[in-house]
Amino acid sequence: MKKIVALFFLLLSTTFLFGQEVPPQHPQKVAPSDTIVPGKGVREKQIEKIKDVKVKLLSDSTGNEPKKSALVDTTVQNKYGDILNDDTLYNKKYPIWIPALETFGADAFTWSIDRYIINADYARIGPSTWKSNIKKGWEWDKDKFGINFIGHPYSGTLSYNAGRANGYNYYQSAAFSVAGSLMWEYFGENTRPSYNDIIYTPINGVFLGEILYRLSSNILDDRTRGIERVSRELLAGIINPIGGLNRLLQGKSFRRTNKEVYQKEPLNISLYGGLHVINDDTKNSFIRGTNSVMANVQFDYGNPFENRSRKPFDFFKLRTEFDFGVGKKILDNITGYGILFGKNVSRGKNSLLFGVFQYYDYWDNKIFELGSIGFGGGMFSKVLIGKSSALYTNIHIVAIPFAGNSTRFGPDLSEVRDYDFGNGLGGKFESTLNLGKYATISLVYYYVFLHTYIAPTGNNFIGLFKPRVTVRIYKDLSIGFEHYVYYDDRYMKGYPTIDIMRTEQKIFLLLYIEDKQRRGHYN
């Protein structure tokens with residue numbers, strides 16, 4: 001217990017050292033490609049012209065990135081003309097007590113919903129429960145799968161973005177996520193503090209929090225006004241609620257600037273919708289099972305092949321899939337990765353990216369439940385084939401320090417824990433052949449080995465094989481087909497061996513919203 005308390009104060013003191021001194025704010029040097037000139041015409045027309053010039057002069061060339069341009073100062077901008085860091089003149093670092101208070105407020109808000117709206121028993125807290133939690137110490141909790149592997153990481157995003165929205169960087173803001181989780185474990189519930197929560201909440205809270213922060217920054221534009229400005233503020237606030245609240249409190253929602261003041265990267269968005277067939281048996285059946293409707297959104301942020309100095313999450317992918325019509329659960333899976341650091345290597349028109357990544361995996365379907373933290377090495381490659389086609393491939397080796405995995409068939413509809421905790425290793429392979437703008441052929445393979453050490457001990461082997469084809473039918477609209485093959489082999493002490501294979505098929509329409517400056521459907 002003394003070690004836990006010492007760790008708590010160490011984290012808070014570290015954050016204090018990071019944020020106590022608010023340095024003088026100086027204007028950030030920015031090339032004029034994003035700047036409005038007062039008195040040189042209507043604001044909206046100038047913004048439109050700026051965007052047109054960037055598309056014309058700062059878009060991907062036949063190589064892997066935009067050509068060198070006098071419009072870009074690469075010390076402060078990426079090669080698309082967007083700034084690499086939030087402008088500190090307009091986004092200053094606030095005193096530490098502000099994000100610390102907001103971290104407390106986020107926990108208090110969550111508790112008030114649990115106590116007065118949900119009326120949950122675990123939310124009945126007071127001095128006696130706080131004393132008991134401190135005295136009894138830590139345990140592995142028995143919360144439902146979705147609460148531990150979606151609910152808790154999302155709560156971690158709130159405290160993380162309390163730091164980010166107040167001018168603290170990626171590393172400094174992570175300390176707020178840890179502090180918020182510790183505060184909740186001791187004082188937010190009347191159950192004992194949980195080992196799995198203090199591991200999973202801050203680590204994947206940082207992962208999702210940075211992604212939400214960057215997506216909202218891509219939407220915001222303080223140069224705009226009117227309906228466009230209101231729409232941007234509302235959408236950014238929905239994606240990043242703590243960021244939206246701080247914009248209101250800091251007056252940023254109403255200010256107007258003459259230049260871009262937020263870091264941005266090119267962003268491609270894929271929207272899928274269609275029919276999902278879950279085959280009834282565990283054989284190689286094909287379109288013989290339960291039908292449902294699926295919807296999917298995928299964000300591809302940044303260009304992995306832009307030759308630049310890398311920093312956390314300037315390149316990431318996040319994919320979320322929903323399923324309507326089978327049981328109570330609609331969230332089928334969330335998967336993604338974000339770069340932590342890396343290096344680009346180019347050979348002519350071909351390019352490589354080597355890096356260290358963080359991985360997030362959440363699966364809750366009829367075959368298995370899996371939620372994991374992952375860190376590992378990855379390689380991305382681009383090989384041009386002819387004038388208009390390219391082969392994109394990425395390979396990853398992943399260390400999984402912590403994961404939860406089901407002990408029976410999913411999805412989790414029980415009110416108690418039906419999964420165990422463990423660690424292990426994983427591998428990921430994704431390859432897409434782009435045939436010009438007309439079609440894509442993709443192959444995805446994931447494999448995970450887990451050794452469980454809480455609940456029944458044993459070894460689990462999980463695999464996913466997914467070929468996919470899409471064919472363009474009109475402009476950015478394509479029709480596609482995916483075939484899934486799931487494997488799940490479980491060897492648990494005291495339980496019969498389970499050997500499962502199941503197939504699924506998906507027929508869908510794909511709307512690919514491609515950034516006008518970044519070209520290429522990478523994955």
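Right above here is the structure, for reference.
Just so you know, these numbers come straight off a predicted model, no measurement behind them.

Rules behind the numbers
- Residues numbered from 1 in each chain as written.
- Predicted model: local features only at pLDDT ≥ 70, side-chain atom pairs only at ≥ 80, totals over all residues.
- Heavy atoms only, no water.
- Helix = DSSP H or I, 4+ residues; strand = E, 2+ residues; numbered from the N terminus.
- Buried < 20%, exposed > 50% of the residue type's maximum accessible area, 1.4 Å probe, protein only.
- Contact = heavy atoms within 4.5 Å.
- Areas by Shrake-Rupley, 256 points an atom, 1.4 Å probe, with all protein chains shown as cover.
- Pairing = 2+ DSSP bridges.
- Axes fitted to C-alpha atoms, helices over the stretch in contact; angles between N-to-C directions.
- Expected span 1.5 Å × (residues − 1).
- Parallel < 35°, antiparallel > 145°, perpendicular 65-115°, else oblique.
- Left-handed = near helix turned anticlockwise from the far one by under 90°.
- Nonpolar A, V, L, I, M, F, W, Y, C, P; charged D, E, K, R; others polar.
- Polar contact = N/O pair within 3.5 Å; in protein donor to acceptor, adjacent residues only side chain to side chain.
- Phe/Tyr/Trp six-rings, centres within 6.5 Å; stacked < 30°, edge-to-face > 60°.
- Lys NZ or Arg CZ within 6 Å of the ring centre and 35° of its normal.
- Salt bridge = Lys/Arg side-chain N within 4 Å of Asp/Glu carboxyl O.

How would you explain the overall build of the protein if you had to name every residue and give the values?
When helices and strands are tallied, the protein shows nine helices and twelve strands. Counting every position in the protein, which comprises 523 residues, the buried fraction comes to 54%. Nonlocal contacts in the protein, meaning residues at least 24 apart in sequence, comprise 68% of its contacts between residues at least 6 apart. Of the roughly 23700 Å² that the protein leaves accessible, carbon and sulfur atoms contribute 66%.

Account for the sheet that holds strand β6 (residues 369–385), with residues named and values stated.
Taken in spatial order, the twelve strands line up as β1-β2-β3-β4-β5-β6-β7-β8-β9-β10-β11-β12 and close into a barrel, and their pairing is antiparallel. With strand direction ignored, the average angle separating the axes of adjacent strands in the sheet is 20 degrees. Pairing of strand β2 (residues 289–301) with strand β3 (residues 316–324), which is carried by nine bridges, proceeds in the antiparallel orientation. Across the sheet, the residue bridging to alanine 295 is phenylalanine 322, located in β3. The strands that helix α5 (residues 145–164) touches are β4 (331–347), β5 (350–364), β6, β7 (389–406) and β8 (419–435); relative to β5, the one it contacts most, it runs at about 130 degrees.

Could you give me a rundown of helix α3 (residues 97–116), with the residues and numbers involved?
Counting along an α-helix, one turn takes 3.6 residues, and residues three or four places apart therefore face a common direction. With 20 residues, α3 extends 28 Å from end C-alpha to end C-alpha; this agrees with the ideal 28 Å at 1.5 Å per step. Along α3, the residues classified as buried are Ile98, Pro99, Glu102, Thr103, Ala106, Asp107 and Asp114.

Talk me through the packing of α5 against helix α6 (residues 170–187); I want residue IDs and the actual numbers.
Relative orientation of the contacting elements α5 and α6 amounts to 130 degrees, with a least axis distance of 7 Å. In terms of orientation, α5 lies oblique with respect to α6. In this structure, α5 meets α6 at a crossing whose hand is right-handed. Between α5, through His152, Gly156, Ser159, Tyr160, Gly163 and Arg164, and α6, the contact on the second element is made entirely by Tyr170, Ser173, Ala174, Phe176, Ser177, Gly180 and Trp184. Grouping the amino acids of the contact of α5 with α6 by side-chain chemistry returns five nonpolar, seven polar and one charged.

Let's hear about the side chain of lysine 317: which residues, and what values?
By secondary structure assignment, the location of lysine 317 is in strand β3. Here glutamate 430 takes part through its side chain, which lies 3.0 Å from a polar atom of the side chain of lysine 317.

Break down the side chain of asparagine 460 for me, with residues and values.
Along the chain, the position of asparagine 460 falls in strand β10 (residues 458–474). Not counting residues up to four positions away in its chain, the partners in contact with asparagine 460 are Asn405, Ser406, Val448, Phe449, Leu450, Thr452, Asp489, Arg490, Tyr491 and Met492.

Account for the packing of aromatic side chains, with residues named and values stated.
Within this structure, the stated rule accounts for 39 aromatic pairs. Judged by centre distance (5.3 Å) and plane angle (45 degrees), the ring pair of tryptophan 140 and tyrosine 195 falls under tilted. Here tryptophan 140 is found in the loop between α4 (127–136) and α5, whereas its partner tyrosine 195 is found in helix α7 (residues 195–219), with 55 residues between them in sequence. Residue tryptophan 140 is classed as partly exposed on the basis of its relative accessible area of 25%. Classification of tyrosine 195 by relative accessible area gives partly exposed; the value is 38%. Here phenylalanine 145 and tyrosine 419 contribute two aromatic rings whose centre-to-centre distance is 5.5 Å and whose plane-to-plane angle is 75 degrees, an arrangement assigned as edge-to-face. Here phenylalanine 145, found in helix α5, pairs with tyrosine 419, found in strand β8; they are 274 residues apart in sequence, far enough to count as distant. Here phenylalanine 145 and tyrosine 419 have matching classes, each one buried. Against the face of tyrosine 272 rests arginine 319, its NZ or CZ located 5.1 Å from the ring centre. Directly above the ring of tyrosine 446 sits lysine 428, whose terminal nitrogen or CZ lies 4.1 Å from the centroid.

Describe the environment of proline 312, with residues and values.
Relative to the assigned elements, proline 312 resides in the loop between β2 and β3. Judged by relative accessible area, proline 312 falls into the buried class, the value being 10%. Discounting chain neighbours no more than four positions away, the residues touching proline 312 are Tyr170, Tyr171, Glu210, Arg214, Ile339 and Leu340.

How would you explain the pairing of β8 if you had to name every residue and give the values?
Bridge analysis of β7 against β8 gives 15 bridges, and the strand direction is antiparallel. Paired with valine 398 across the two strands is glycine 426, which belongs to β8. With 15 bridges joining them, β8 and strand β9 (residues 439–454) adopt antiparallel strand pairing. Across the sheet, the residue bridging to threonine 432 is serine 442, located in β9. Here β8 folds back onto β9 in antiparallel fashion, the turn holding three residues, of which glycine 436 has a positive phi close to 60 degrees.

A description of the pattern of salt bridges should follow, citing residues and the corresponding values.
On inspection of all chains with the given rule, the structure shows 31 salt bridges. For aspartate 314, the salt bridge identified is with arginine 310, shortest N-O distance 3.0 Å. Between aspartate 488 and arginine 490 there is a salt bridge whose closest N-O contact spans 2.7 Å. Overall, aspartate 488 belongs to the buried group, its relative accessible area being 0%. Since its relative accessible area comes to 1%, arginine 490 is described here as buried.

None of this, on its own, says anything about what the molecule does.
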